Amino acid sequence: MTTLLRTPLHAACLQQKARMVPFSGWEMPVQFSGIRQEHQAVRESAGAFDISHMGKFILIGPDVIAQLQLLVPSDLSRLTPGKAQYTVLLNEQGGIIDDLIVYHQGPQSDQPENERITLIVNAATTEKDRNWLRAHLTDTITLKDCSTDQALIAVQGPTATAALQQLCPQEDLQTIPRYGHRTGTVLAYPAFLARTGYTGEDGFEVMLPAEAAPALWQKLMNLGVAPCGLGARDTLRLEAAMALYGQDISDAVSPIEAGLSWLVHLDKSENFVGRAILEKQKAAGPPRRLVGLTLDGRNIARHDYPILESGQTVGIITSGTLSPTLGYPIALGYVPPALAKVGNTVEVAIRNKVLPATIVKRPFYKATK
């Protein structure tokens, strides 16, 4: 029997009566007060998520950006220090090895000839990503895996920035733009502060030494930030139509199929891994497209439920839930390109019923500024 890993916040989550579940090799909180309450807290005020299970890599070298350019479809030359880029690692077939965020931290202070990049990757793919990167980066690049040394806490919601600001008064968080980041100090500990997230709301992801995580977690709770689990994280990201690796995207799906064409910069000169496949899909169109769907009533289209057209199976649901914010069922799924137009109606087989579903524009929910 495999022993599950535990984050630095495991004891704190148990103390708060979290319901714990296995997730990607870790024992993680799926909910505290309840998914709906936690979801609402993030949409209306602020919630905190323990995401310390995610992979955390630091890459250092003189040509780290140039080498990463060969592994992702996005043009990282546009990425200036202090900025971040959501992108994907690709295999030779144009499939997505993982989705990740690249944080460009600029030259090393003690070694200005070397640039520093932080990568945050999915927990389930940490080992796969590490092996892939080491196999494709030259020995001029140092890769440090700090996945267990560093904790990661996401503070998300309309009041998240104000709450976090009280715990790092020497940092002006409002000067950090969306998808911006900087190193600073939180509760006297060195911390990496990134204005990124996976909820569709404003907020920060804070990476800091593992031993500092319980204190930061408790301080956030003292400020009224709600503890939130994986359940609310899933409903929030689905409302924002953010893909989940292993469900909506995978090694067998290209970014063009997955509606991530905005990550594919074919005008860059580098011959990145999987480029030939993406060029063909861009020219001829992909064999399928990821779409957003809504259903009437309360029936939820779950992962792997078939999508039908004229009684024939034409696609598959990848994610689905009853949207706590909107009050009706929403889903993501793949259909043939001819059916992917917004406004088209298809059907979803839910247990012993076949119910109509409408293809809609994504995201399902967008936070007001």
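Placed above this text is the structure.
Described below are features of the structure shown in this document.

Reading guide: rules and limits
Residues numbered from 1 in each chain as written. Predicted model: local features only at pLDDT ≥ 70, side-chain atom pairs only at ≥ 80, totals over all residues. Heavy atoms only, no water. 1 Å grid on protein atoms, 1.4 Å probe; cavity = no way out; pocket = protein on both sides within 12 Å on 5 of 7 lines; lining within 4 Å. Points joined across faces, edges and corners; volume = space filled by probe spheres on them. Helix = DSSP H or I, 4+ residues; strand = E, 2+ residues; numbered from the N terminus. Nonpolar A, V, L, I, M, F, W, Y, C, P; charged D, E, K, R; others polar. Pairing = 2+ DSSP bridges. Axes fitted to C-alpha atoms, helices over the stretch in contact; angles between N-to-C directions. Buried < 20%, exposed > 50% of the residue type's maximum accessible area, 1.4 Å probe, protein only. Arc of directions from axis to C-beta. Contact = heavy atoms within 4.5 Å. Phe/Tyr/Trp six-rings, centres within 6.5 Å; stacked < 30°, edge-to-face > 60°. Lys NZ or Arg CZ within 6 Å of the ring centre and 35° of its normal.

1. Points about the layout of surface pockets
Counted as a void, the second largest pocket has a volume near 240 Å³. If you go around the second largest pocket, you meet 15 residues; those closest to its centre are Ile 58, Arg 116, Gln 150, Thr 183 and Phe 192. Of all the secondary-structure elements, those providing two or more residues to the lining of the second largest pocket are strand S7 (115-121), strand S10 (181-186), strand S11 (189-194) and strand S12 (203-209). For the lining of the second largest pocket, the residue count by class is 7 nonpolar, 5 polar and 3 charged.

2. Side note on the sheet that holds S11
If you walk across this open sheet you meet the 6 strands as S10-S11-S12-S9-S3-S13, and the pairing is mixed. Two strands close off the open sheet at either side, each with one partner strand: S10 and strand S13 (226-228). Neighbour to neighbour, the strand axes of the sheet diverge by 30° on average, direction disregarded. In terms of strand pairing, S10 meets S11 through 6 bridges, oriented antiparallel. Within the sheet, the bridge partner assigned to Arg 182 lies in S11 and is Leu 193.

3. Remarks on helix H6 (residues 213-222)
Within H6, the full set of buried residues consists of Ala 213, Leu 216, Trp 217, Leu 220 and Met 221. Projection of H6 onto a plane perpendicular to its axis shows the buried side chains occupying an angular sector of 140°, all on one side. For H6, the elements touching its buried residues are helix H1 (10-15), strand S3 (47-50), strand S9 (150-156), S10, S12 and S13. Among the residues trailing H6, Gly 224 stands out with phi positive, at a value near 90°.

4. Some details on the packing of aromatic side chains
The tally for this structure, following the rule as stated, stands at 3 aromatic pairs. A ring pair is formed by Tyr 86 and Trp 262, whose centres lie 6.0 Å apart and whose planes are at 25°; its orientation type is stacked. With Tyr 86 in strand S5 (residues 84-90) and Trp 262 in the loop between helix H7 (230-239) and helix H8 (275-284), this pair connects stretches of sequence that are 176 residues apart. Classification of Trp 262 by relative accessible area gives exposed; the value is 53%. Over the ring of Tyr 334 we find Arg 288; its NZ or CZ atom is 5.0 Å from the centre of that ring.

5. Let's talk about empty space enclosed by the protein
By the definition in use, this model includes 2 cavities of 30 Å³ or more. Around the largest cavity sit Ile 51, Met 54, Tyr 103, Ile 120, Leu 152, Phe 192, Ala 194, Glu 205 and Met 207, which together line it. Elements represented by at least two residues in the lining of the largest cavity include exactly S11 and S12. Tallied by class, the residues present in the lining of the largest cavity amount to 8 nonpolar, no polar and 1 charged.

6. Considering the environment of Val 186
Mapped onto the elements, Val 186 comes out in strand S10. Sequence separation of Val 186 and Ile 307 is 121 residues, and the distance between their C-alpha atoms is 48 Å. Beyond its immediate sequence surroundings of up to four residues, Val 186 is in contact with Leu 167, Cys 168, Ala 191, Leu 193, Val 206 and Leu 216.

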